[in-house]
Amino acid sequence: MAQERTMPNVVLIYADDLGYGDLSCYGAKQIQTPHIDRLSQHGVRFTNAYAPAATSTPSRYAILTGEYAWRRPGTDVAAGNAGMIIRPERYTLADLFRHEGYATGVVGKWHLGLGDKDGEQDWNAPLSCTPADLGFDYSYIMAATGDRVPCVFIEQGRVSGYDPSAPIEVRYTHPYEGEPLGRTHPELLTKLRHSHGHDMSIVNGIGRIGYMRGGGKALWRDEEIADSIVHRSKRFIDEHRSKPFFLYLAPNDVHVPRYPHPRFRGKSSMGLRGEAILQLDWTVGQITSHLKRRGLLDNTIIIVSSDNGAIIDDGYADRAEELLGGHDPSGGLRGHKYSAFDGGARIPAIVHWPKGLRGGQVSHELVSQIDWFASMAAMLEARLPEGVPHDSQDDRSAWLSAGKSSRPYVICQAANKTLSIRRGRWKYIEPHKGPKMIPWGAKVETGNYPTHQLYDMESDPREERNVADEHPELVDELRELLVKERARGLGL
């Protein structure tokens, strides 16, 4: 048994594209997620939790910095060869834990850039500007995400399992001569074909976004990614079990391309997307069981959540739409990933902490992931640099005690940077003249409308009846709150 400590370990499991309705503890009937359900049964499940954004990079930026991504240029969905978006001088969530005596690690999807400048990385040498510069003692990460090159893991700032016989080159501007592409050599797409986009470099029989050559033995196999992430996470826990640790564990499930391990094949009627959810649940079970075996579970805060809402067809012909079978990934909400509607950013969120939190609770409080930073700092009684974090607020009464939330309103960012604000039962979406549907292929409502939108989320959770004209005073109040928030500037 591990020696009991006062400070809890923290394991943040940040899933990818997991929708509000994708878990059986949130009402899903076509799929069962017993490991996550068990955390919910013995922890707190939140029904009104929001990610800061409806896309990946902005949400990940926000939780690690405590600053909304829309305040800072260059925080849109990152290319695989983006320079590091969070600059080394920024004080991060990992810095907070490290300064309080924690070992810190990040394993899995990163998608916040590496190196000092866009497109200038030398992938064959140690990289400048890595998670080590942002407070992480250990890192084993995908440079971006599964559908973007480079398709290699970066461990401690260099390519894991680097193959010197196959030097790596990456760019996003034009193909490499002689390298087959998904759009020109579809016969080489032996595992997944594209439905839209994702027709550039082929790695592991799957087309990607971007152009890459080389990699050799270092190239990942999609079906082995979850096992690799779990193995590194367990090793990190074992190496730091004698002191408190913070592990940011970011599985790439349920993001495309969905190609889970063979052990999950045929286990879901929803095909590859359903199997990816099962693989995520397995990952959670593996980590939870490992913590229990090491005597660490009781004093470990486990948070399971998602970076944005669900998406069904996001570029691969994996029959995800065809095989839904009545399953609603957004759990009755309107919209999906990318959208200003609630299906874009309202997400599942579960907190499990046997030593510090009474289990079996459901919280309907309005909460935001932006507040994880300040809430953890308050729990640790940490002294932070002046002005840090810029937007995060101490909401530990809700997140860590299942009590009342201190957050007066939640702000979310759609893919096109349209902002919405929810205060109590009311949600306001600012005007935007863009298209009604995502234009690049995904069948998703953007939430764009040329005039103000106001919805009563208690009587109309699907945001079907715009009541802005009936409540002009509320529209003015909520619009003015957004104006004031923008006026607060960029922070540090």
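These notes cover the structure that comes with them. (Residues numbered from 1 in each chain as written. Predicted model: local features only at pLDDT ≥ 70, side-chain atom pairs only at ≥ 80, totals over all residues. Heavy atoms only, no water.)

### Comments concerning the overall build of the protein
Logical step 1: Helix and strand counts for the protein come out as 8 helices and 20 strands.
Logical step 2: Against the globule reference of 23 Å for 492 residues, the protein gives a C-alpha radius of gyration of 21 Å, in line with a compact fold.
Logical step 3: If you line up the protein on its principal axes, its C-alpha atoms span 65 × 55 × 45 Å.
Logical step 4: By residue count, 63% of the 492 residues in the protein fall in the buried class.
Logical step 5: Long-range contacts, defined here as pairs at least 24 residues apart, represent 72% of the contacts in the protein between residues at least 6 apart.
Logical step 6: Accessible surface, the protein: about 18,200 Å² in total, of which carbon and sulfur atoms supply 49%. (Helix = DSSP H or I, 4+ residues; strand = E, 2+ residues; numbered from the N terminus. Rg over C-alpha atoms; globule rule 2.2 N^0.38 Å. Buried < 20%, exposed > 50% of the residue type's maximum accessible area, 1.4 Å probe, protein only. Contact = heavy atoms within 4.5 Å. Areas by Shrake-Rupley, 256 points an atom, 1.4 Å probe, with all protein chains shown as cover.)

### A short note on helix α4 (residues 225–239)
Logical step 1: In a regular helix each residue adds 1.5 Å, so 15 residues correspond to 21 Å; α4 covers 21 Å between its end C-alpha atoms and thus fits that length.
Logical step 2: Within α4, the full set of buried residues consists of I225, A226, S228, I229, V230, R232, S233, K234, F236 and I237.
Logical step 3: Buried residues along α4 sit against β4 (103–109), β5 (138–142), β6 (153–155), β12 (245–250) and α5 (271–293). (Expected span 1.5 Å × (residues − 1).)

### Remarks on the packing of aromatic side chains
Logical step 1: One pass over the full model with this rule turns up 19 aromatic pairs.
Logical step 2: Ring centres of Y14 and W372 lie 5.9 Å apart, and the angle between their planes is 75°; this geometry places the pair in the edge-to-face category. With Y14 in strand β1 (residues 9–15) and W372 in helix α6 (residues 372–379), the pair connects residues that are 358 residues apart, well separated along the chain.
Logical step 3: For the ring pair Y68 and W70, a centre distance of 5.3 Å and an interplane angle of 15° mean the geometry is stacked.
Logical step 4: Three or more aromatic residues joined by ring pairs form one cluster here, namely Y14, F46, F97, Y102, W110, F136, F246, Y248, W372 and W399.
Logical step 5: Over the ring of W282 we find R263; its NZ or CZ atom is 4.5 Å from the centre of that ring. (Phe/Tyr/Trp six-rings, centres within 6.5 Å; stacked < 30°, edge-to-face > 60°. Lys NZ or Arg CZ within 6 Å of the ring centre and 35° of its normal.)

### Let's talk about the sheet that holds strand β20 (residues 453–456)
Logical step 1: A sheet is described by the order of its strands in space; here 4 strands give the open sequence β17-β18-β19-β20, paired in antiparallel fashion. In this open sheet, the two strands that pair with only one neighbour each are β17 (410–413) and β20. On average, each strand axis in the sheet is inclined to that of its neighbour by 20°, with strand direction left out of account.
Logical step 2: Bridge count between β17 and strand β18 (residues 419–423): 4 bridges; the pairing is antiparallel. Within the sheet, the bridge partner assigned to Q413 lies in β18 and is L419.
Logical step 3: This element, helix α8 (residues 472–487), spans β17, β18, β19 (426–429) and β20 of the sheet and lies at about 120° to β18. (Pairing = 2+ DSSP bridges. Axes fitted to C-alpha atoms, helices over the stretch in contact; angles between N-to-C directions.)

### What about the pairing of β5?
Logical step 1: Here β5 lies mainly inside the structure; 5 of its 5 residues are buried.
Logical step 2: Relative to β5, β4 runs parallel, the two sharing 5 bridges. Its bridge partner being in β5, K109 is matched across the sheet by M142.
Logical step 3: Of the pairings in the sheet, the one linking β5 to β6 comprises 3 bridges and is antiparallel in character. The partner of I141 across the bridge, within β6, is I154.

### Quick notes on the environment of G325
Logical step 1: By the secondary structure assignment, G325 is in the loop between β13 (300–306) and β14 (349–352).
Logical step 2: Residue classification places G325 among the exposed residues on the basis of a relative accessible area of 60%.
Logical step 3: The spatial distance from the C-alpha of G325 to the C-alpha of I411 is 33 Å, given a sequence separation of 86 residues.

### Structural notes on the pairing of β19
Logical step 1: The side-chain alternation of β19 yields two buried faces, one formed by W426 and Y428 and the other by K427 and I429.
Logical step 2: Direction of pairing for β18 relative to β19: antiparallel, over a ladder of 4 bridges. Paired with S420 across the two strands is I429, which belongs to β19.
Logical step 3: The turn linking β18 back onto β19 is made up of 2 residues, and G424 within it adopts a positive phi angle of 60°.
Logical step 4: In the sheet, β19 pairs with β20 via 4 bridges, with the strands oriented antiparallel.

### What about the nonpolar core?
Logical step 1: The biggest cluster of nonpolar side chains holds 113 residues, and the ones touching the most others in it are L64, W110, F246, Y248, L291 and W399.
Logical step 2: Per-element tally for this core: the top contributor is α5, with 8 residues.
Logical step 3: Counting 18 residues, the second largest nonpolar core, distinct from the first, contains I411, L419, Y428 and L454. (Core = buried A, V, L, I, M, F, W, Y, C linked by side-chain atoms within 4.5 Å.)

### A look at the side chain of T300
Logical step 1: Inspection of the secondary structure puts T300 in strand β13.
Logical step 2: By relative accessible area, which is 0% here, T300 ends up buried.
Logical step 3: Dropping the residues within four chain positions of it, T300 is found in contact with N9, V11, L291, H352, W353 and P354.

### Here we look at the packing of helix α1 (residues 34–41) against α5
Logical step 1: In contact at an axis separation of 7 Å, α1 and α5 are set at 55° when each is read in the N-to-C sense. With respect to each other, α1 and α5 are oriented oblique. Of α5, the residues touching α1 (which contributes P34, H35, I36 and L39) are L280, D281, W282, V284, G285 and T288.
Logical step 2: The residue makeup of the contact of α1 with α5, split by class, is 6 nonpolar, 3 polar and 1 charged. (Parallel < 35°, antiparallel > 145°, perpendicular 65-115°, else oblique. Nonpolar A, V, L, I, M, F, W, Y, C, P; charged D, E, K, R; others polar.)

Purely geometric stuff here, so don't read any function into it on its own.
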